[in-house]
Amino acid sequence: MEIKPNTRILQAFGLEPEGLNVRRFGSGHINNTFLLEKKQDGSKYVLQKINVSVFKEPGVIAANQRMAADFLAVHHPGYLFITPIPTVNGEELFVIDNEYWRMIPFIADSVTVDQADNPKQAYEAAKQFGRLASYLSGIDLKPFKASIPNFHNLTLRYSAFQDAIRTAKEDRKAAAEEMIEEFLRYSDIAVTYEQLKTNPDFRDHLMHHDTKINNVLLNKDTYEGICVCDLDTLMPGKIISDLGDMVRTYVCPVSEEEKDFSQIVIREEYYEALMQGYLEEIGGTLTKVEKEQLFFAGKFMIYMQGIRFLTDYLNGDVYYPIKHPKHNYDRAKNQLVLLQRLMEKETILQEIIGKCLLISV
Ligand code: GN1
Ligand code: MG
């Protein structure tokens with residue numbers, strides 16, 4: 001069934017359907033996103049239907065964003081932090097027939113890119129995520145709840161992977177046998193995470209948890225960073241989540257969708273650009289333990305994404321939308337190759353990290 005915002009939803013936000021152009025927007029897997037444009041004056045809004053099978057308590061998203069917005073307004077006035085436009089009744093979420101809708105402003109003169117195509121973009125995006133984390137670093141984390149519990153808990157992702165291996169249908173398991181073995185061979189990544197998790201110097205921060213480059217708005221002419229968007233998973237987490245997802249998605253010239261794995265390479269200049277952008281903003285505040293895990297960040301996120309795709313393949317594609325039967329298999333394989341390419345370059349990438357750390361303090 002095609003999902004579309006109906007008249008009641010638009011009117012809840014004070015908009016009249018006749019006066020609007022509505023089209024699908026963005027490339028996320030999870031929520032349904034629409035761009036609304038008023039025919040009269042061209043003003044634009046972004047309307048989203050929240051996926052409640054993923055975000056089981058949409059109220060948590062709204063509460064987390066509100067607390068962050070209140071803190072930033074006091075401590076960093078003038079910082080652009082996107083918050084929802086309330087309904088005419090003053091609510092951040094409009095609930096209808098068990099659907100949750102919310103509207104956010106469209107930021108003028110902004111664009112997003114799906115893939116970094118020069119190091120400057122990687123630098124600008126990383127700087128935006130670093131600034132967000134740094135500006136929020138003094139906030140009390142206690143009142144924050146997880147909008148997706150255990151989202152980046154690799155221990156649980158790993159045990160879900162093991163469960164899926166046990167319960168998968170025979171044909172899928174047989175098809176994935178070799179790849180399963182390869183991912184199991186790198187299980188030390190899950191063990192390292194397990195050890196770090198309880199280290200008090202490996203702290204919780206308010207993290208974005210989805211730092212793909214298309215979650216940063218860039219100026220349409222200069223490509224300078226404007227602000228971050230897609231704040232659904234803003235919640236307490238570890239530095240390796242945000243940094244690692246940038247490594248996962250900015251450094252390789254092709255995305256997780258690429259099936260020609262020979263195109264998966266590590267572009268060192270992009271790695272350096274993102275590391276520099278991120279550490280310029282937040283490097284000075286990190287503990288020794290956190291600084292030691294900067295290379296691990298990339299391994300952690302690529303490994304976790306790889307086993308999430310493979311788990312979904314084994315489970316019969318229940319989470320990620322697919323376009324063909326082996327889609328999740330191919331995505332997992334892509335991430336496995338990316339992980340291997342990254343690990344091959346550890347020595348040189350560690351040198352880059354060392355250099356960026358020196359500049360950042
Ligand atoms: C999902 O919806 P999207 O594409 O921003 C997923 C991320 C994955 C990503 C992989 C809530 O994000 O964790 O990294 O797909 N988000 C959720 O493309 O599961
Ligand atoms: Mg997203």
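Residue positions are given per chain, counted from 1 along the sequence in the order it is written. In the order they appear in the text, chains get letters beginning with A and ligands get numbers beginning with 1. Residue-level local features of this predicted model are given only where pLDDT is at least 70; pairs of side-chain atoms are given and counted only at 80 or more, and the full residue set underlies all totals for whole chains, interfaces and linings. Just so you know, side-chain values use all the structure's heavy atoms and leave hydrogens and water out.

Section: the coordination of the magnesium ion (ligand 2)
Rules: The donor set covers N, O and S atoms within 2.8 Å of the metal, switching to 3.2 Å for Na, K and Ca, and it leaves out water, so a site may look short of donors. Only DSSP runs of H or I covering at least 4 residues are called helices, and only runs of E covering at least 2 are called strands; the numbering of each starts at the N terminus. Each residue's exposure class comes from its accessible area (1.4 Å probe, protein chains only) as a fraction of the maximum for that residue type: buried when under 20%, exposed when over 50%, partly exposed otherwise.
Taken together, the protein donors to the magnesium ion (ligand 2) comprise Asp-210 (OD) and Asp-230 (OD), at separations of 2.1 to 2.2 Å. With Asp-210 in the loop between strand 7 (205-207) and strand 8 (216-219) and Asp-230 in the loop between strand 9 (225-228) and strand 10 (235-237), this pair connects stretches of sequence that are 20 residues apart. On the basis of relative accessibility, which here comes to 27%, the residue Asp-230 falls in the partly exposed class.

Section: the site of ligand 1
For clarity, the threshold we go by: One heavy atom suffices: a residue is near a molecule or strand as soon as one of its heavy atoms comes within 4 Å of it. Two N or O atoms count as a polar contact when they lie within 3.5 Å, although within protein this holds only if one can serve as hydrogen donor and the other as acceptor, and sequence-adjacent residues are included solely when both atoms are side-chain atoms. All accessible areas in this document rest on Shrake-Rupley with a 1.4 Å probe, and a residue is counted as covered only by the protein chains that are shown. We call Asp, Glu, Lys and Arg charged. Ala, Val, Leu, Ile, Met, Phe, Trp, Tyr, Cys and Pro are nonpolar, and the rest, Gly among them, are polar.
Surrounding ligand 1, one finds 14 residues, the nearest of these being Lys-212, Glu-256, Gln-305, Arg-308 and Tyr-319. Arg-248 places a side-chain nitrogen or oxygen 3.4 Å from an oxygen atom of ligand 1. A total of 450 Å² of accessible area belongs to ligand 1 in isolation, and the protein chains cover 94% of it. Its residues placed into classes, the shell around ligand 1 shows six nonpolar, three polar and five charged.

Considering the sheet that holds strand 6 (residues 110-111)
To keep things clear, this is the line we draw: When DSSP finds two or more bridges between two strands, those strands count as paired. Note on contacts: a residue pair is in contact if any heavy atoms of the two residues lie within 4.5 Å. Every angle, taken between N-to-C directions, lies between 0 and 180 degrees, and every axis is a line fitted to C-alpha atoms, over only the stretch in contact when it is a helix.
One open sheet accounts for three strands, arranged 6-8-9; its pairing is antiparallel. The outermost strands of the open sheet, each flanked by one partner alone, are strand 6 and strand 9. Pairing geometry for strand 6 and strand 8, over two bridges, is antiparallel. Looking at strand 8, one finds that Ser-110 is bridged to Asn-219. Where helix 3 (residues 119-135) meets the sheet, its contacts fall on strand 8 and strand 9, and the angle it forms with strand 9 comes to roughly 45 degrees.

Section: the side chain of Asp-245
Structurally, Asp-245 is set in helix 7 (residues 239-250). You can call Asp-245 buried: its relative accessible area is 3%. Polar side-chain contacts of Asp-245 include one of 2.6 Å to the side chain of Arg-248. For Asp-245, the contacting residues outside a window of four places in its chain are Asp-210, Thr-211, Lys-212, Ile-240 and Met-301.

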